[in-house]
Every structure is written in C-alpha cells, then in structure tokens.
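For reference, the chains in residue letters:
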Amino acid sequence: MHNHYAYLYNQVVYQMLQNTLGKGEAVLFARSASVGAQQFPVHWGGDCYATYESMAESLRGGLSLGMSGFGFWSHDIGGFENTAPAHVYKRWCAFGLLSSHSRLHGSKSYRVPWVYDDEACDVLRYFTQWKCQLMPYLFDMATQAAKTGAPMMRAMMLEFPDDPGCDYLDRQYMLGDSLLVAPVFSEHGDVSVYLPHGRWTHLLSNQEAPGGWRQEQHGFTSLPLYVRPNTLLALGANDQKPDYDYLVSPVFHLFALEDGAEAICRVPSLAGETRFTLTVTRRGDTLQVTPQGAATGWTLCLRNIVGTQIVDDGVAAAHPLGTLITPKDDSHGLIIRL
C-alpha cells in the first residue's frame, strides 16, 4: 500500500475534478505516483534544491519517469529548497519553459524574476514568449502524449534507439519528436551537446550543425535548442498567451528537408483535435506543399534557403531566416522550385 496509496489518492482527486469540471478538463499537479498514475496527469519531480547539481538530477529523474510511461513531467523553476543565485535561476528559466509545463515555485522565498535582477525578468519573458509561439507544436505533442503515452520530454535513446551515442545521455532531451534541448548547468554557459546524424538547425540562431558532439557556450537567453532535420515546425502568431487560436496566421518553418523526404505538421484546435495539416515533399529541387483543413493566413518559411526561383500559386520573398512563401488566398497547394 505504501506505493499504491499515491495512485488511489490521485485517482480520487482526479475523478472529483472530472465530475466537477467535465471530462477532459481535469488536471492534477502531483509529485507522488506509482504504476498506472500516468492516467492522472500532470506530475513534477518534488522538492529539489536550488543548485545546478539538483537541476541536473531533476532532468535525470524526469527522463526516467518518461521512460516509465508518464507523458507529462516538470519541475520547480529555480529549485524548491533554498534560494538559487541569480545565474542558476536564469538557466533554470530556460529549462523550465522548455518543459511540458512550467511553474515558478519555492519553499521559503519567492521565485518571481524581479526579486533577482532585471536580466532575470528579461530571460523569463524571452522564453515565455518562445513557449507561447511554440504552442501549436507543443499542444500537438501533448495530445499525442495523451493518446499514445509517448512522453513530451523524451530521453534521447527513446527517439533514436539505433544510435548508441544516445544510450546514456541524461543531460539533454527531445521536447516532442522534433526539438532537442540541452539545458545549461554552468554559470558561464559552457555546455556539451550530442546531435544524432543529420543536419540540425539551431532554432534561435538559425545556425546549422552536423551530427556529433559539440562544445558550446551560451548567454542567458540561449541554450542548445536544435531542430531535427526534415522537420516542419508550426509557430503561432501570439507570444503573449498559450491558449489562442493556433489556426490563425501560423508560420510553418521547414528545416533541412532532404531529397526524397516528407515533412508533416499538424495544427490542433484548443480541444486537441487536428484541424489543419501541412505536408511538404521534396523531389530534387522541387518542393510540393499540400495543405489540408482550415487555417487562415498561414505562410511557409524555408530556413536557410535563399534565391527561390519559381513558386506556383504563391509568392516568395526574402526573409532574415531564408525565404518566406505566401500562398494565394484560394491556393490548394504549392509547387516551389529551388
């Protein structure tokens, strides 16, 4: 009963919330669990200390929980016990906002950024805005976690089972199936990150990198945040709130699509139902873009591709990240010749 009690406790509260709020609206924030409790989400890692060591331990435990069938897991930004130095707090903000769910919480002191310094406010704002923009992708990954059990924060070996270099990695993770995150566990920003085979693109800087080990250094508003090759990533039009209409003016970013490959992106409604799907297929120097469903004002950004020659049923324009494709209002598909 010692282990099973947590299951029963969470079950009672979850069912009460369902009865009160309606099916599909219940959510917990639980730290104790046992086998089967993944059906009563969400969970967090408990009372960690406000240090880099505890930050890394939290990630290690969370990845283990994900491998045990739990789809959602997070942690207290800044640590729970004691008070983190400002530099630990800022690094933890990036890690916390790139988790399945995010909260500021502590034991005997507040975790709001303005009690640290002005830069902490800037860091928290920056990654909060990024998380809001990423919500079409993150919410799609959340719905898949609810349906299949695949965790939002995935150990590298779970996403790359055939790469032996991923077998023991516990200081980085995949956020969904397309974003690689390596939190920074040092004051000066030194971090090692392993990229599996392929051409990866840093989401923030747009720099491309091949697979293998990399030694990097990052300021407080950056960290290794790489997009997997052959990815079509939807960014939402609102960076001020997480619950907005993802089907209005999304920008689809295409990353390193290889010849013969296909990239698919699903955009859900706030009810968790897929309402729009965009598919891009590459054959030589030709991209075929196929939309399906209802989305208004969408555009396509070809990351690190410049000088697009011909677009059938759309308009190409230079963009700081590559080329921006705007389809015609009545377009049922695009042909792009690079």
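Structure report, in brief. If you're wondering where the values come from, they're calculated on a predicted model, not measured in any experiment.

We now examine the sheet that holds strand β18 (residues 314–319). Ordered by their spatial adjacency, 5 strands build an open sheet running β11-β12-β16-β19-β18, and the pairing between neighbours is mixed. Looking at which strands have only one partner, the edges of the open sheet turn out to be β11 (231–235) and β18. Taking the axes of each pair of neighbouring strands and ignoring which way they run, one obtains an average angle of 25° across the sheet. Both strand β12 (residues 251–255) and strand β16 (residues 299–303) contribute to a ladder of 4 bridges, which runs parallel. In the strand pairing of β16, Phe-252 is matched with Leu-300.

The subject of this paragraph is helix α1 (residues 4–21). In this model α1 runs 26 Å from its N-terminal to its C-terminal C-alpha over 18 residues, within 8% of the 26 Å that 1.5 Å per residue would give. If you check which residues of α1 are buried, you get Ala-6, Tyr-7, Asn-10, Tyr-14 and Leu-17. Down the axis of α1, the sector holding all buried residues measures 100°, keeping them to one side. Exposed and oriented more than 90 degrees from the buried face of α1 are Tyr-5, Val-12, Asn-19 and Thr-20. Those residues of α1 that are buried lie in contact with β1 (43–44).

Residues Leu-334 and Ile-336 line the buried face of strand β20 (residues 334–337), whereas the alternating positions Ile-335 and Arg-337 sit on a face that is not buried. Note: strand β15 (residues 286–293) against β20, 4 bridges, orientation antiparallel. Following the sheet pairing, Leu-287 is matched in β20 by Ile-336. Pairing of strand β17 (residues 310–312) with β20, which is carried by 3 bridges, proceeds in the antiparallel orientation.

Packing of helix α3 (residues 86–97) against helix α4 (residues 118–133) leaves a shortest axis separation of 9 Å and a crossing angle of 10°. With respect to α4, the axis of α3 lies roughly parallel. Contacts between α3 and α4 pair Tyr-89, Lys-90, Cys-93, Ala-94, Gly-96 and Leu-97 from the former with Glu-119, Ala-120, Val-123, Leu-124, Phe-127, Thr-128 and Lys-131 from the latter. Taken together, the residues of the contact of α3 with α4 break down into 8 nonpolar, 2 polar and 3 charged.

Cut-offs applied
- All chains use their own residue numbering, which begins from 1 and follows the written sequence.
- Thresholds applied to this predicted model are a pLDDT of at least 70 for local features of residues and 80 or more for the giving and counting of side-chain atom pairs; totals over whole chains, interfaces and linings are not thresholded and use all residues.
- Hydrogen atoms and water are omitted, and side-chain values are computed over all heavy atoms in the structure.
- Here the rule is simple: two strands pair whenever DSSP picks up at least two bridges between them.
- Strands are runs of DSSP state E lasting at least two residues, helices are runs of H or I lasting at least four, and both sets are numbered from the N terminus onward.
- Note on method: axes are straight lines fitted to C-alpha atoms, helices fitted across the in-contact stretch only, with angles between N-to-C directions ranging 0 to 180 degrees.
- The span expected for a helix works out to 1.5 Å for each residue beyond the first.
- Note on classification: 1.4 Å probe, protein chains only; a residue is buried when its accessible area is under 20% of the maximum for its type, exposed when over 50%, partly exposed between these limits.
- The arc under discussion is defined with respect to the helix axis, by the directions toward the C-beta atoms.
- Residues are treated as being in contact if the distance between any of their heavy atoms lies within 4.5 Å.
- Working rule for angles: under 35 degrees goes down as roughly parallel, over 145 as roughly antiparallel, 65 to 115 as roughly perpendicular, anything else as oblique.
- Each residue is assigned to one class: nonpolar for Ala, Val, Leu, Ile, Met, Phe, Trp, Tyr, Cys and Pro, charged for Asp, Glu, Lys and Arg, and polar for all the others, Gly among them.

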